[in-house]
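# Structural overview for review
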Amino acid sequence: MEKIEVAGVHYVKAVEVESLASKSSRAFTIDLGEQGGCDGFIVREEGGALRAYKNSCPHTGAPLNWTPDQFLTISGQYIQCSIHGAMFKTQNGECFAGPCGGKFLKALSFVEKNGIAYLALQEIQKNPSI
Ligand code: FES
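Structural notes, computed from the coordinates. (Residues numbered from 1 in each chain as written. Predicted model: local features only at pLDDT ≥ 70, side-chain atom pairs only at ≥ 80, totals over all residues. Heavy atoms only, no water.)

## Structural notes on unusual backbone geometry
Using the following cut-off: For the purposes of this entry, the term helix denotes a DSSP run of H or I that reaches at least four residues, the term strand denotes a run of E that reaches at least two, and both are numbered from the N terminus. Whether a residue is buried, partly exposed or exposed follows from its accessible area with a 1.4 Å probe, protein chains only, as a fraction of its type maximum: under 20%, in between, or over 50%, in that order.
Even without a glycine there, the phi angle at Ala7 is positive, about 50°. Here Ala7 is to be found in the loop between strand 1 (3–6) and strand 2 (9–16). One non-glycine residue, Asn114, lies in positive phi territory at about 50°. On the secondary structure map, Asn114 appears in the loop between strand 9 (110–113) and strand 10 (116–120). Of the residues examined, Asn114 reaches a relative accessible area of 72% and is grouped as exposed.

What follows is the structure in structure tokens.
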């Protein structure tokens, strides 16, 4: 698993994002074995900004996506859970409609380098001292 260090923080490769079009999303899975792991996704907003969230609905903890990389509404403007239809803002993961209204998706710290998104290792380690 490719790792990088930026400003003293360690990151691990999550997914390629250079080809990710605006108003679309892409899933990733990081498995570090005993050190931990993470199922997450990246959204590219209309303006080009990238956001990363854990793939877990605050309603039941279920994965959010409809199909492998599809986390967004048809318009591409909002994140929507495929189970009971909760809607979330891409900007901060806030649920504004549905059964978990007012709750938030877990935002993940990451950096983009050379078209690749790298997730902060501290987000996924079960035991940061390992
Ligand atoms: S599991 Fe996501 S809205 Fe119910």
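## Let's talk about the sheet that holds strand 8 (residues 95–97)
Threshold: Pairs of strands are assigned from DSSP output, requiring at least two bridges between the strands. To obtain each axis, a line is fitted to C-alpha atoms, and for helices this fit is confined to the stretch in contact; angles are then taken between N-to-C directions over 0 to 180 degrees.
Across the sheet, which stays open at both edges, the 3 strands sit in the order 6-7-8 with antiparallel pairing between neighbours. The outermost strands of the open sheet, each flanked by one partner alone, are strand 6 (78–80) and strand 8. Within the sheet, the average angular offset between the axes of one strand and its neighbour, ignoring direction, is 40°. Relative to strand 7 (residues 87–89), strand 6 is paired through 3 bridges, and the arrangement is antiparallel. Across the sheet, residue Tyr78 finds its bridge partner in strand 7, namely Lys89.

## So, the pairing of strand 4 (residues 37–44)
In terms of burial, strand 4 is largely enclosed, as 6 of its 8 residues are buried. The antiparallel pairing of strand 3 (residues 24–31) with strand 4 creates a hairpin that spans 5 residues between the two strands, and Gly33 there sits at a positive phi of about 60°. Linking strand 4 back to strand 5 (residues 50–54) in an antiparallel pair, the connection comprises 5 residues, with Gly48 at a positive phi of about 105°.

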